Amino acid sequence: MRSAVLAILLTASLVGCQTVTKAEYEKVRAEIVANPKALRERTESCKRTISKQSVQMRTDMARLAEVPVKSVADVVCRRMARAVRSGRLSYQDVQSIMRQQPSTNSLRILKGG
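Residues numbered from 1 in each chain as written. Predicted model: local features only at pLDDT ≥ 70, side-chain atom pairs only at ≥ 80, totals over all residues. Heavy atoms only, no water.

Engineer: Can you break down the overall build of the protein residue by residue, with the values?
Structural biologist: Along the protein, the regular secondary structure elements total seven helices and zero strands. The helix and strand sequence of the protein, counted from the amino end, reads α-α-α-α-α-α-α. Evaluated residue by residue, the protein yields a buried proportion of 46% over its 113 residues. Accessible surface computed for the protein: about 6000 Å², of which carbon and sulfur atoms make up 52%. (Helix = DSSP H or I, 4+ residues; strand = E, 2+ residues; numbered from the N terminus. Buried < 20%, exposed > 50% of the residue type's maximum accessible area, 1.4 Å probe, protein only. Areas by Shrake-Rupley, 256 points an atom, 1.4 Å probe, with all protein chains shown as cover.)

Structure, rendered in structure tokens:
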């Protein structure tokens with residue numbers, strides 16, 4: 001599932017690694033809560049990651065997120081970063097993405113809900 005692979009890349013770029021421990025997740029979350037610059041940097045890193053993917057991968061992600069392909073990187077990364085910051089995207093949700101079995105909540109967030 002290409003969308004699952006891209007979701008993993010997206011999550012990894014937000015939290016800074018391919019596998020995420022609860023402590024790492026909490027550290028990143030605390031950092032982006034406390035520092036708006038860190039939130040912007042994480043979001044930009046995520047956008048760069050998505051922008052480097054093939055047109056097909058970006059199209060799949062856009063379809064999943066229900067956004068135009070041209071804005072998929074910006075919209076999806078903002079949604080995910082804000083969800084991590086607010087606590088709506090939990091550590092368990094991140095783990096579900098990493099296992100390529102995105103939770104209902106993580107899919108809802110990806111779609112803007």
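Engineer: Any chance you could break down helix 5 (residues 72–86) for me, citing the residues and the numbers?
Structural biologist: In this model helix 5 runs 21 Å from its N-terminal to its C-terminal C-alpha over 15 residues, within 8% of the 21 Å that 1.5 Å per residue would give. The first or second residue beyond helix 5 is Gly87, which carries a positive phi of 90°. (Expected span 1.5 Å × (residues − 1).)

Engineer: Describe the packing of helix 4 (residues 55–65) against helix 5, listing the residues and the values that go with them.
Structural biologist: The contact between helix 4 and helix 5 brings their axes to 10 Å, and the two run at 55°. Judged by the angle between their axes, helix 4 and helix 5 are oblique. As for how helix 4 packs across helix 5, the hand of that crossing is left-handed. Touching Arg58, Met61, Ala62 and Ala65 of helix 4 are Val72, Val76 and Arg79, all from helix 5. When the residues that make up the contact of helix 4 with helix 5 are grouped by side-chain class, the tally is five nonpolar, no polar and two charged. (Axes fitted to C-alpha atoms, helices over the stretch in contact; angles between N-to-C directions. Parallel < 35°, antiparallel > 145°, perpendicular 65-115°, else oblique. Left-handed = near helix turned anticlockwise from the far one by under 90°. Contact = heavy atoms within 4.5 Å. Nonpolar A, V, L, I, M, F, W, Y, C, P; charged D, E, K, R; others polar.)

Engineer: Give me the lowdown on the packing of helix 3 (residues 36–51) against helix 5, citing residues and values where you can.
Structural biologist: The N-to-C vectors of helix 3 and helix 5 enclose an angle of 140°; their axes lie 9 Å apart at closest approach. When the axes of helix 3 and helix 5 are compared, the pair comes out oblique. In this structure, helix 3 crosses over helix 5, and the sense of that crossing is right-handed. On helix 5, the residues that touch Leu39, Thr43, Cys46, Lys47, Ile50 and Ser51 of helix 3 are Val72, Ala73, Asp74, Val76, Cys77, Arg78, Ala81 and Arg85. Of the residues belonging to the contact of helix 3 with helix 5, the class tally is eight nonpolar, two polar and four charged.

Engineer: Run through the environment of Lys111, naming residues and quoting values.
Structural biologist: With respect to the helices and strands, the residue Lys111 is situated in the segment after helix 7 (104–110). Filtering out sequence-adjacent residues up to four positions away, Lys111 remains in contact with Leu64, Ala65, Glu66 and Arg79.

Engineer: An account of the state of the cysteines is needed here, citing residue identities and associated values.
Structural biologist: In this structure the tally under the stated criterion is one disulfide. The disulfide that involves Cys46 links it to Cys77, with 2.0 Å between the sulfurs. Looking down the S-S bond of the Cys46 and Cys77 bridge, the torsion is -75°, so its handedness is left-handed. Separated by 31 residues along the polypeptide, Cys46 in helix 3 and Cys77 in helix 5 bring together distant segments of the chain. For the pair Cys46 and Cys77, a shared accessibility class is recorded, and that class is buried. (Disulfide = S-S within 2.5 Å.)

Engineer: Before we move on, can you summarise the nonpolar core with the specific residues and values?
Structural biologist: Counting residues in each nonpolar core, the largest one holds 27 residues, and the members touching the most others are Ile50, Val72, Val76, Met80 and Leu89. Of all the elements in the fold, those that place two or more residues in this core are helix 2 (22–34), helix 3, helix 4, helix 5, helix 6 (91–98) and helix 7. When residues of this core are assigned to their parent elements, the largest contribution, nine residues, is made by helix 5. (Core = buried A, V, L, I, M, F, W, Y, C linked by side-chain atoms within 4.5 Å.)

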